[in-house]
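# Observations on the model geometry
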Amino acid sequence: MKKILIIIIFLILIVPKNILASSITLVKVGNNYYDNLQDAINAATSSDIINLITNIETENTLNINKSININLNGKTISAKEKVFLIEGGSLHLSGTGIIKETNPNYGAIMIKGSKDKNDINYSTLKVDAGITLEGWSGIFITHNNGLSYGVLVNTEATIISKKDANGITGAGIYINGTIKDSQNSPIININNKSIINSQGTGLYQAGYATTNIDGANITGLESAISIKSGILNIKSGTFTCIGPDFTPTTSNNNGINPSGATLQIESNNNYKGNIKLNITGGTFTSKNSHVIYEYTEKGSTSKIEDIKISNGTYKSPKNIFSLSDSLENNHKNFISGGRYNQNIEEYLTYDYSLSKIDDMYVVTKSTMKEEMLKQTNRSNTIKLIIYILILILLSLTIYQNKTKLLKVIKFSKHNWHYIKNNIKW
């Protein structure tokens, strides 16, 4: 018995502490092990990768204020609410795994920008495909005393947005509406492996930001995308609203009311506005309402500065577009491409027309207008050639008669001198 005890004591003394600790630790950073993820974050450098060994449930929000890389290794990090807060730092999530609010209330990842408009890339987030973000929102961009400079998000995550304890719906990606400065405003890139499923709206862009969507799959119960401010560029993807039709709806100064539309645009004086929408591709479907529903706060005018649709497929059981009079008066002809399950000829730009192919209306260049333009160009070209020929002939005529003209001038000059000298005035 004494020999066994001596051997155990000996092993305890000679085995490295980091290996002995690995049986109870949660994360590994290089050759070091930690039983607390925040301690690992505090100790890590920008070149380190924090590797999860087990699932982690933290009581407090994990703060990121420097460059941090975490490989979830198929594990889950959960907290009651606000699992991560990025402020003045950078977080890269890789591998596979889940970041989860167990009591959905804010977001799996909160991002707070700077109060200094000169801080570029102050708070940044990169989420690789294979990561799931689950909460009231997946990514929540909040304000810093009404400001949020230097925020950059690149995501390929799967995002699941759930209701809070009171049944209030959130958004897959949420941009707080108090963010109003367009300079160095948040930039959100939702890339082609992204999937967003929301019991509310997939993307809620209340504050001023620039969102670029390329290939994402976004589904919402109340809308796929809702926007009140900023720039929205959609290159490709699938955008679907599956909920009931709630139109017409009213403006909301604290959130957004459900519509059932794929893309819901609210012009509201309490928000920055300055909305610019550019769609160059994608599939847009509303199961029960409009594809694009744009409306204004009572007594307000449309906050859309520019709207362009040059491609994409659009389907809905109601009118594809339901737009305010203010928008139609200023930007009515905004379509130059795409496929529609209804006649949208009134919204076409000047040199485009519709062709019915099967059950879809397809936008094409207007051949009649093109031919008229070609004829006008041909006519102008012929006129230009005639003018040039006339000038050439005049030049030749003048050249050939140069001698005669000189003689006439000389004769006239001689006669003038004769008259001048011989006639008394």
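Please refer to the structure higher up on the page.
Residues numbered from 1 in each chain as written. Predicted model: local features only at pLDDT ≥ 70, side-chain atom pairs only at ≥ 80, totals over all residues. Heavy atoms only, no water.

## Points about the pairing of strand 24 (residues 263-267)
- With respect to burial, strand 24 is a largely interior element, 5 of its 5 residues being buried.
- Pairing between strand 22 (residues 223-227) and strand 24: 3 bridges, direction parallel. Paired with S226 across the strands is Q264, a residue of strand 24.
- In the sheet, strand 24 pairs with strand 27 (residues 292-296) via 5 bridges, with the strands oriented parallel. Among the inter-strand pairings, E266 is bridged to a residue of strand 27, identified as Y295. (Buried < 20%, exposed > 50% of the residue type's maximum accessible area, 1.4 Å probe, protein only. Helix = DSSP H or I, 4+ residues; strand = E, 2+ residues; numbered from the N terminus. Pairing = 2+ DSSP bridges.)

## Structural notes on the packing of aromatic side chains
- One pass over the full model with this rule turns up 12 aromatic pairs.
- Relative to Y204, the ring of Y174 has its centre 5.1 Å away and its plane inclined at 75°; by these criteria the two rings are edge-to-face. Note that Y174 is positioned in strand 17 (residues 171-175) and Y204 in strand 20 (residues 201-205), a separation of 30 residues in sequence.
- Assessed through its relative accessible area of 2%, Y204 is described here as buried.
- Look at F284 and Y314: their rings are 5.0 Å apart centre to centre, the planes differ by 5°, and that puts the pair in the stacked class. With F284 in strand 26 (residues 283-286) and Y314 in strand 29 (residues 313-315), this residue pair connects regions lying 30 residues apart in the sequence. (Phe/Tyr/Trp six-rings, centres within 6.5 Å; stacked < 30°, edge-to-face > 60°.)

## A word on the side chain of S229
- Relative to the elements of secondary structure, S229 occurs in the loop between strand 22 and strand 23 (231-241).
- A distance of 2.8 Å separates a polar atom in the side chain of S229 from the backbone oxygen of A206. (Polar contact = N/O pair within 3.5 Å; in protein donor to acceptor, adjacent residues only side chain to side chain.)

## A short note on the pairing of strand 32 (residues 352-357)
- As paired elements, strand 32 and strand 33 (residues 360-365) share 6 bridges and run antiparallel to each other. Of the residues in strand 33, the one forming a bridge with S355 is V362.
- Turn length for the strand 32-strand 33 hairpin, with the two strands adjacent in sequence and antiparallel, is 2 residues, and the turn residue D358 shows positive phi of about 55°.

## Some thoughts on the side chain of T132
- Counting through the fold element by element, T132 comes out in strand 13 (residues 131-135).
- Those residues in contact with T132, other than ones at most four positions away along the chain, are G97, I98, I99, T158 and I160. (Contact = heavy atoms within 4.5 Å.)

## Some remarks on the environment of S229
- Overall, the relative accessible area of 0% leaves S229 in the buried class.
- For the pair formed by S229 and S182, sequence separation is 47 residues and the distance between their alpha carbons is 9.7 Å.
- The residues touching S229, leaving out its near neighbours within four places in the chain, are Q205, A206, G207, Y208, Y271, K272, G273 and I275.
- One polar contact links the side chain of S229 to the main-chain amide nitrogen of G273, over a distance of 3.1 Å.

## Some points on the sheet that holds strand 24
- If you trace the 10 strands from one edge of the open sheet to the other, you get 5-8-11-14-17-20-22-24-27-30, paired in parallel fashion. Each edge of the open sheet carries a strand with a single partner, namely strand 5 (62-64) and strand 30 (321-322).
- When strand 11 (residues 109-112) meets strand 14 (residues 137-142), the two strands line up parallel, connected through 4 bridges. Across the sheet, the residue bridging to K112 is T142, located in strand 14.

Taken by themselves, the reported measurements are silent on function.
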